[in-house]
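If you want the building blocks of each chain, they are given just below.
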Amino acid sequence: MRVGVLGTGMVGQGQASRLVSLGHEVMMGSRAAGNEKAVAWASGASPRASEGTFADAAAFGEMVVNATNGEGSIEALAAAGAGNLAGKVLVDISNPLDHSGGFPPRLFVCNTDSLGEQIQRAFPEARVVKTMNTVNINVQVDPSVIPGRHTMFLCGNDDAAKADVRALLLSYGWPDEDVMDLGDITGSRAMEMNIAMWLRAASTLNNWGINIKIVP
Ligand SMILES: NC(=O)c1ccc[n+]([C@@H]2O[C@H](COP(=O)([O-])OP(=O)(O)OC[C@H]3O[C@@H](n4cnc5c(N)ncnc54)[C@H](OP(=O)(O)O)[C@@H]3O)[C@@H](O)[C@H]2O)c1
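Now for a description of the structure that goes with this document. Quick caveat, the model's predicted, so the values are computed rather than measured.

1. Some details on helix H4 (residues 73-80)
Turning to H4, its buried residues number three or more, namely Ser 73, Ala 76, Leu 77 and Ala 80. Down the axis of H4, the sector holding all buried residues measures 95°, keeping them to one side. On the buried face of H4, the contacting elements are strand E1 (2-6), strand E2 (25-30), helix H3 (54-60), strand E4 (63-66), helix H5 (82-85) and helix H6 (115-122). Of the residues flanking the end of H4, it is Gly 81, one or two places downstream, whose phi is positive at about 100°.

In structure tokens:
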């Protein structure tokens, strides 16, 4: 599959590398083609790896991953182009973090709305699936880094898109029974607000490779 990964940070790099290792063709997108981090990643990763603008990557991908900074995500996706996202699964990993007040960051949207919903509203023809924002990149792409069973969430309005993302998560190693569908895109509220608990627990333990497990 061709995947456009929007984002040159640790999440974009980790997702892009994992996708390439699984045999996918990946274009990493950033605000400007020739981004230093994107070029370094593309030249070192694989012949299946390339880089370009957000629009190049979104046009390239049959699936698109949003791994951009939460405060810039709508702007990044606008640069990617609504037309390049239309009809495609948009895997949204972003968190709506406002770091302006120091640690811990605040959420710039919460309770009655979420960044996942803002993205779905701004790009109604994209099939947004929120997932993986609740764990760090190492865990996102390889759940076995944490021993035992633990939970990955997803949500979105489009059942077929969620099935595609579930398949992607399974290819990353997530057991089907540990992938929990939280329903429509309003489930993003809970997934994004969970970051407060994640940050508090991770900083308390001084261990950022943690996750939670839902025990019915
Ligand atoms: N770090 C983790 O383990 C983790 C875990 C879960 C979720 N997340 C979420 O995943 C996302 C990516 O995190 P990250 O740490 O890898 O990278 P990041 O530093 O949060 O974001 C980097 C990307 O955002 C783009 N960007 C920043 N400001 C922008 C703006 N105003 N307009 C358009 N694009 C902008 C950058 O573009 P350029 O390439 O052009 O510089 C870059 O590609 C974030 O939303 C984060 O909250 C992170």
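2. Points about the packing of H4 against H6
It is at 10 Å that the axes of H4 and H6 come closest, and there the two elements cross at 25°. The angle between the axes of H4 and H6 places the two elements in the roughly parallel class. As H4 packs across H6, the resulting crossing turns out to be right-handed. Side by side, H4 and H6 meet where Ser 73, Ile 74 and Leu 77 of the first sit next to Leu 115, Gln 118, Ile 119 and Ala 122 of the second. In the contact of H4 with H6, the residues fall into 5 nonpolar, 2 polar and no charged.

3. Focus on the pairing of strand E3 (residues 49-53)
Counted residue by residue, E3 has 5 buried out of 5 residues, so it is predominantly covered. Each parallel crossover has a hand, and the one from E2 via helix H2 (residues 36-45) to E3 is right-handed.

4. Side note on H6
The buried count for H6 comes to 6 of 8 residues, which makes it a mostly enclosed element. Considered for burial, the residues of H6 that qualify are Leu 115, Gly 116, Glu 117, Gln 118, Ile 119 and Gln 120. Check the buried side of H6 and you find it contacts H4, strand E5 (89-92), strand E8 (127-131) and helix H9 (188-205).

5. What to know about the site of the ligand
Near the ligand, the surroundings consist of 23 residues, among which Gly 9, Val 11, Ser 30, Arg 31 and Gly 72 are the closest. Mapped onto the shell around the ligand, the elements with two or more residues apiece are helix H1 (10-21) and H4. By residue number, the principal contributor to the shell around the ligand is H1, which donates 3 residues. Of the residues that constitute the shell around the ligand, the class distribution is 7 nonpolar, 14 polar and 2 charged.

6. Here we look at the sheet that holds strand E9 (residues 152-156)
Hydrogen bonding along the main chain pairs the strands of a sheet, whether they run parallel or antiparallel. Pairing within the open sheet is mixed, and its 8 strands lie in the order E3-E2-E1-E4-E5-E8-E9-E10. The open sheet has two edge strands, E3 and strand E10 (179-181), and neither has a second partner. This sheet shows a mean twist of 25° between the axes of neighbouring strands, independent of strand direction. Pairing analysis gives 3 bridges linking E9 to E10, with the strands arranged parallel. Directly across from Met 152, in E10, lies its bridge partner Val 179. Relative to the sheet, H1 contacts E1, E2, E3 and E4, its axis offset from that of E2 by approximately 165°.

7. Digging into the environment of Ala 45
Positionally, Ala 45 belongs in helix H2. Among the residues examined, Ala 45 registers 19 C-beta atoms within 10 Å and is labelled partly exposed. With 163 residues separating them in the primary sequence, Ala 45 and Trp 208 have C-alpha atoms 25 Å apart. Once residues within four sequence positions are removed from consideration, Ala 45 is found in contact with Ser 17 and Val 20.

Thresholds applied
- Residues numbered from 1 in each chain as written.
- Predicted model: local features only at pLDDT ≥ 70, side-chain atom pairs only at ≥ 80, totals over all residues.
- Buried ≥ 20, exposed ≤ 12 C-beta atoms within 10 Å, placed from the backbone.
- Helix = DSSP H or I, 4+ residues; strand = E, 2+ residues; numbered from the N terminus.
- Arc of directions from axis to C-beta.
- Contact = placed C-beta atoms within 7 Å.
- Axes fitted to C-alpha atoms, helices over the stretch in contact; angles between N-to-C directions.
- Parallel < 35°, antiparallel > 145°, perpendicular 65-115°, else oblique.
- Left-handed = near helix turned anticlockwise from the far one by under 90°.
- Nonpolar A, V, L, I, M, F, W, Y, C, P; charged D, E, K, R; others polar.
- Right-handed = clockwise from strand over helix to strand, strands pointing away.
- Near = placed C-beta within 6 Å.
- Pairing = 2+ DSSP bridges.

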